[in-house]
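Listed here are the chains, written in short residue letters.
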Amino acid sequence: NAGVTQTPKFQVLKTGQSMTLQCAQDMNHEYMSWYRQDPGMGLRLIHYSVGAGITDQGEVPNGYNVSRSTTEDFPLRLLSAAPSQTSVYFCASSPTTRGVLSGANVLTFGAGSRLTVL
Amino acid sequence: DAKTTQPTSMDCAEGRAANLPCNHSTISGNEYVYWYRQIHSQGPQYIIHGLKNNETNEMASLIITEDRKSSTLILPHATLRDTAVYYCIVRANQAGTALIFGKGTTLSVSS
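Here goes a summary of the coordinates provided. Just so you know, these numbers come straight off a predicted model, no measurement behind them.

**Concerning the interface of chain A and chain B**
Then, in step 1: Counting residues at the interface gives 21 residues for chain A, matched by 25 residues for chain B.
Then, in step 2: Both faces considered, chain A and chain B share a buried interface measuring about 1,800 Å² in area, 58% of it formed by carbon and sulfur atoms.
Then, in step 3: Run the count over chain A and chain B and you get zero salt bridges.
Then, in step 4: Contributing elements (two or more residues each) for the side of chain A that touches chain B: strand S4 (31-38) and strand S5 (42-51) of chain A.
Then, in step 5: Among the residues making up the side of chain A that touches chain B, the classes are represented as 13 nonpolar, seven polar and one charged.

**As for the sheet that holds strand S7 (residues 64-66) of chain A**
All names here are of chain A.
Then, in step 1: Reading across the sheet, the four strands line up as S1-S3-S8-S7 and stay open at both edges, with antiparallel pairing between neighbours. Each end of this open sheet is capped by a strand with a single partner; those strands are strand S1 (4-7) and S7. Geometrically, the sheet is characterised by an average inter-axis angle of 20° between neighbouring strands, direction not taken into account.
Then, in step 2: Two strands pair when backbone bridges link them, and strand S3 (residues 19-25) and strand S8 (residues 76-78) are joined in this way by three bridges, in the antiparallel orientation.

**Quick word on the pairing of S3 of chain A**
Residues and elements named next belong to chain A.
Then, in step 1: Of the two faces of S3, the one holding Met19, Leu21, Cys23 and Gln25 is buried and the one holding Thr20, Gln22 and Ala24 is not buried anywhere.
Then, in step 2: As paired elements, S1 and S3 share four bridges and run antiparallel to each other. Among the inter-strand pairings, Val4 is bridged to a residue of S3, identified as Gln25.

**What about the pattern of salt bridges?**
Residue and element names in this part refer to chain A.
Then, in step 1: With the rule as written, the count across this model stands at three salt bridges over all chains.
Then, in step 2: In this structure, the salt-bridge partner of Asp38 is Arg36, at a minimum N-O distance of 3.0 Å.
Then, in step 3: Here Arg36 falls in the buried class, since its relative accessible area comes to 8%.
Then, in step 4: Among the ionic pairs, Asp38 bridges to Arg44, the shortest N-O distance being 2.7 Å.
Then, in step 5: On the basis of relative accessible area, Asp38 is assigned to the buried category, the value being 12%.
Then, in step 6: Among the ionic contacts, a cluster of salt bridges with common partners joins Arg36, Asp38 and Arg44.

**Concerning the state of the cysteines**
Then, in step 1: Per the stated rule, a full pass over the model turns up two disulfides over all chains.
Then, in step 2: Across a sulfur-sulfur distance of 1.9 Å, Cys23 of chain A and Cys91 of chain A are joined as a disulfide pair. On the sign convention where negative is left-handed, the bridge of Cys23 of chain A and Cys91 of chain A, at about -70° about the S-S bond, is left-handed. Highlighted residues: Cys23 of chain A in strand S3 and Cys91 of chain A in strand S9 (residues 87-94), separated in sequence by 68 residues.
Then, in step 3: By relative accessible area, Cys91 of chain A is classed as buried at 0%.
Then, in step 4: What pairs with Cys22 of chain B in a disulfide is Cys88 of chain B, and their sulfur atoms sit 2.1 Å apart. Around the S-S axis, the bridge from Cys22 of chain B to Cys88 of chain B shows a dihedral of about -80° and counts as left-handed.

**Overview of the packing of aromatic side chains**
Then, in step 1: Taken as a whole and assessed by the stated rule, the structure comprises ten aromatic pairs over all chains.
Then, in step 2: Considering the side-chain rings of Tyr87 of chain B and Phe101 of chain B, the 5.2 Å spacing of their centres and the 85° angle between planes classify their relative orientation as edge-to-face. On the criterion of sequence distance, the pair formed by Tyr87 of chain B in strand S8 (residues 84-89) and Phe101 of chain B in the loop between S8 and strand S9 (105-110) is long-range, its members being 14 residues apart. Each of the two residues, Tyr87 of chain B as well as Phe101 of chain B, counts as buried.
Then, in step 3: Each member of the aromatic cluster is reached from another via a ring pair, and the members are Tyr35 and Phe109 of chain A together with Tyr34, Tyr36, Tyr46, Tyr87 and Phe101 of chain B.

**Notes on the sheet that holds strand S7 (residues 70-75) of chain B**
Residue and element names in this part refer to chain B.
Then, in step 1: Pairing is antiparallel in the open sheet, where four strands are placed in the order S2-S7-S6-S5. Two strands in the sheet have a free side with no partner beyond their single neighbour: strand S2 (18-23) and strand S5 (55-56).
Then, in step 2: Where S2 meets S7, six bridges bridge the pair, whose relative direction is antiparallel. Looking across to S7, one finds that Asn19 is bridged to Ile74.

Reading guide: rules and limits
Residues numbered from 1 in each chain as written. Chains lettered and ligands numbered in written order. Predicted model: local features only at pLDDT ≥ 70, side-chain atom pairs only at ≥ 80, totals over all residues. Heavy atoms only, no water. Contact = heavy atoms within 4.5 Å. Buried area = accessible area lost by both parts, 1.4 Å probe. Salt bridge = Lys/Arg side-chain N within 4 Å of Asp/Glu carboxyl O. Helix = DSSP H or I, 4+ residues; strand = E, 2+ residues; numbered from the N terminus. Nonpolar A, V, L, I, M, F, W, Y, C, P; charged D, E, K, R; others polar. Pairing = 2+ DSSP bridges. Axes fitted to C-alpha atoms, helices over the stretch in contact; angles between N-to-C directions. Buried < 20%, exposed > 50% of the residue type's maximum accessible area, 1.4 Å probe, protein only. Disulfide = S-S within 2.5 Å. Phe/Tyr/Trp six-rings, centres within 6.5 Å; stacked < 30°, edge-to-face > 60°.

What follows is the structure, encoded as structure tokens:
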């Protein structure tokens, strides 16, 4: 049982390039999400999905696209990378789409993808 | 919108109990308190959560005061591997879909 797998672990991009961060989970979780973590800023939600074919924006969605064609995969696309997108990105999933403070919802995080945009 | 107050940092000797406090005086009656930790550069890891009663699992114990305004995470026998940032979370975004992480407490366990 691998949990949440993120690839790549490290990536360096030039400004304007595009790329996709991959996230896959093998726990049949309904809910998947992407966070970014910057020094002194904590984790901020980018996009999330409550099931295949359903996505929605989080706190900081600009410059990112997501899709959820299968239950297992939730890729994050950077359309035109900017230095402000230099960050560590975490994918997280949970078994249910009930509210995260409901007691039924425990998030499993991936190991992270460290992105540098020059 | 419940907020938490945690000390910025704490130290603990290896083998001793680590008691991490969290104040959440505005928590709603039906909202759980969650604890996660993040070991350097890794993804956050779930530890424990509770509503009213004290909870214990293989990782830690959670003590919640009767008025629910504060809680304490207890690591009974801290090891060097427990050095991490510990997040006490009682906030979610408006849609209830994402936890709001604060700055947490940096716990340093030393030998």
